[in-house]
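Remarks on the overall topology
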Amino acid sequence: MTFIRYSGSHLCSDHFKAYVEKRVKREIRRQLRLSRGSKIACALSGGKDSSVAAYLLHQILGKRRDVELSAVTVDEGIAEYRPASLEHAERLSKQLGLEHRVITYKELVGWEMDAVVAADPETIPCSYCGVFRRKALNVLANLVDADYLATGLNLDDTVQSIMMNMGRADLDKLARMGPHESVQPGLVPRLQPLRTIPEKEVYLYALVEGIEFYDGTCPYAERAERNRYREVIHVLEKDAPGTRHSLLSTYEALKPLLVERYPPADLSPCEKCGDPTVNRVCKACQLVGQLARLSQAAQ
Ligand code: SF4
Ligand code: ZN
């Protein structure tokens, strides 16, 4: 029996599963605009969130003839962490019968994350990794000609991102958070089927449904700015259950105003790699340039 604090309900495992699935189906219906032959690439890291998202998308849309699902994985080059999770991603893709593609940071930008951290030891690794991952996922999604890129972002991740962008007063980014309703050329819109499901429920769903996943954490995760927001949101939710959902619905209500005030900027191809960017050179290429300068200075 599971107790859901924010709704005050006690659920047996069957009702718990149905409770999760109902909300995921609702989100998919709300976010997805299917046309004949729509392709959805599931960003599958092998962790619990992306594994549950891919599994549920397969359960809900797998039999439809007008939808084609595949899986894509980014290998950041973190020796302590990624090889084991990659195995899980491969196994689940096989189980679900999904074509699986992997791209490494090494082939994408010429740097593995372990080498990035060695070259710039003072940095918060996620500030590089987040930029490279966005690029990698977009490259992968375009490679498989996907109409949507589905991620495993859960409610906690979503609310953390909202609060982080507010904390930095990054209203442009706040307006541009997924799921995306309009499509920008060269950028694949995000689909976020788990965005209303709390992290603990995703974890429990994986256990109840017997979905295998990799339970390790990235060794660089503790340096992430996100952790401070995670702690604050945890305290708020503990004291007043339902706060995460309220923060999300406040954001949803404000989003149309934000989008109107901060419309998408015109994108042009990056001078170095050709990916769409608002600047002359995209953020990923700027970071690669920074790494080259750092390693030259160290020689
Ligand atoms: Fe990359 Fe940071 Fe995630 Fe580790 S925690 S995989 S460094 S974004
Ligand atoms: Zn570039």
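Further up the page is the structure itself.
It should be emphasised that the depicted structure is a prediction, and the values quoted were computed from it without experimental measurement.

1. Notes on the layout of surface pockets
Roughly 570 Å³ of volume is contained in the second largest pocket. Lining the second largest pocket are 18 residues, and of these Pro-198, Lys-200, His-234, Glu-237 and Arg-244 sit closest to its centre. Put simply, the parts of the chain that give the lining of the second largest pocket at least two residues each are strand E1 (2–4), helix H7 (155–167), helix H9 (199–209) and helix H10 (226–239). With 5 residues, H10 is the single largest residue contributor to the lining of the second largest pocket. Grouping the constituent residues of the lining of the second largest pocket by class yields 6 nonpolar, 3 polar and 9 charged.

2. What about the coordination of the zinc ion (ligand 2)?
For the zinc ion (ligand 2), every protein donor is listed as Cys-270 (SG), Cys-273 (SG), Cys-282 (SG) and Cys-285 (SG), and the spread of their distances is 2.3 Å. Mapped onto the polypeptide sequence, the residues donating to the zinc ion (ligand 2) form the spacing pattern C-x2-C-x8-C-x2-C. Of this pair, Cys-270 sits in the loop between strand E8 (268–269) and strand E9 (276–277) while Cys-282 sits in the loop between E9 and helix H12 (283–298), placing them 12 residues apart in sequence. On the basis of relative accessible area, Cys-270 is assigned to the buried category, the value being 4%.

3. Things to note about the pairing of strand E5 (residues 99–104)
Bridge count between strand E4 (residues 67–75) and E5: 6 bridges; the pairing is parallel. Each residue of the ladder has a partner; that of Val-72, found in E5, is Arg-101. After leaving E4, the chain enters helix H3 (residues 82–96) and then returns to the sheet as E5, a path that is right-handed.

4. Description of the packing of helix H1 (residues 13–31) against H9
Each pair of packed helices can be summarised by the angle the axes make with each other and by the distance between the axes. Relative orientation of the contacting elements H1 and H9 amounts to 125°, with a least axis distance of 10 Å. Regarding the angle of H1 to H9, the classification is oblique. Handedness of the H1/H9 crossing: left-handed. Two secondary-structure elements touch here, H1 through Ser-13, Phe-16, Lys-17, Tyr-19, Val-20, Glu-21 and Arg-23 and H9 through Glu-201, Leu-204, Tyr-205, Val-208 and Glu-209.

5. Examining the pairing of strand E3 (residues 38–43)
A large share of E3 lies buried, amounting to 5 of its 6 residues. Summarising the sheet, E3 and E4 pair through 6 bridges and their orientation is parallel. Residue pairing across strands places Cys-42 opposite Ala-71, the latter belonging to E4. Read from E3 through helix H2 (residues 48–61) to E4, the crossover connection turns out right-handed. Pairing geometry for E3 and strand E6 (residues 148–150), over 3 bridges, is parallel. By the bridge assignment, Ala-41 is partnered in E6 with Leu-149.

6. Some words on the sheet that holds strand E7 (residues 190–191)
Spatially, the 5 strands line up as an open sheet ordered E5-E4-E3-E6-E7, and their pairing is parallel. For this open sheet the edge positions go to E5 and E7, each flanked by a neighbour on one side alone.

7. Here's the deal with the pattern of salt bridges
In total, this model carries 20 salt bridges according to the counting rule given. Taken together, the shared-partner salt bridges in this structure form one network comprising Glu-27, Arg-30, Arg-195 and Glu-252.

8. Examining the site of ligand 1
By nearness alone, every residue bordering ligand 1 is listed as Glu-76, Ile-78, Cys-126, Cys-129, Arg-133, Cys-218, Tyr-220 and Ala-221. Broken down by class, the residue content of the shell around ligand 1 amounts to 6 nonpolar, no polar and 2 charged.

9. Considerations on the nonpolar core
In summary, soluble globular proteins display a tendency toward joint burial of nonpolar side chains. Counting 36 residues, the largest nonpolar core has Val-74, Tyr-105, Met-113, Val-116, Tyr-128, Phe-132 and Leu-149 as the members making the most contacts within it. Elements that contribute at least two residues to this core include exactly E3, E4, helix H4 (105–109), helix H5 (113–119), helix H6 (125–143) and H12. With 8 residues, the single largest contributor to this core is H6. When near neighbours in sequence (up to four residues on either side) are disregarded, Val-116 contacts Trp-111, Tyr-128, Phe-132 and Leu-291.

10. What about the environment of Gly-77?
Structurally, Gly-77 can be placed in the loop between E4 and H3. Take Gly-77: its relative accessible area is 12%, and that puts it in the buried class. In this structure, the C-alpha to C-alpha distance between Gly-77 and Thr-104, residues 27 residues apart in sequence, is 6.9 Å. For Gly-77, the contacting residues outside a window of four places in its chain are Glu-112, Met-113 and Asp-114.

11. A short note on the environment of Ala-71
For Ala-71, the location among the structural elements is in strand E4. Take Ala-71: its relative accessible area is 1%, and that puts it in the buried class. Sequence spacing of Ala-71 and Ala-224 is 153 residues, and the spatial spacing of their C-alpha atoms is 26 Å. Residue contacts for Ala-71: discarding those within four places in its chain leaves Cys-42, Leu-44, Ser-93, Leu-98, Glu-99, His-100 and Arg-101.

What counts and what doesn't
Residues numbered from 1 in each chain as written. Chains lettered and ligands numbered in written order. Predicted model: local features only at pLDDT ≥ 70, side-chain atom pairs only at ≥ 80, totals over all residues. Heavy atoms only, no water. 1 Å grid on protein atoms, 1.4 Å probe; cavity = no way out; pocket = protein on both sides within 12 Å on 5 of 7 lines; lining within 4 Å. Points joined across faces, edges and corners; volume = space filled by probe spheres on them. Helix = DSSP H or I, 4+ residues; strand = E, 2+ residues; numbered from the N terminus. Nonpolar A, V, L, I, M, F, W, Y, C, P; charged D, E, K, R; others polar. Donors = N, O, S within 2.8 Å, 3.2 Å for Na, K, Ca; no water. Buried < 20%, exposed > 50% of the residue type's maximum accessible area, 1.4 Å probe, protein only. Pairing = 2+ DSSP bridges. Right-handed = clockwise from strand over helix to strand, strands pointing away. Axes fitted to C-alpha atoms, helices over the stretch in contact; angles between N-to-C directions. Parallel < 35°, antiparallel > 145°, perpendicular 65-115°, else oblique. Left-handed = near helix turned anticlockwise from the far one by under 90°. Contact = heavy atoms within 4.5 Å. Salt bridge = Lys/Arg side-chain N within 4 Å of Asp/Glu carboxyl O. Near = heavy atom within 4 Å. Core = buried A, V, L, I, M, F, W, Y, C linked by side-chain atoms within 4.5 Å.

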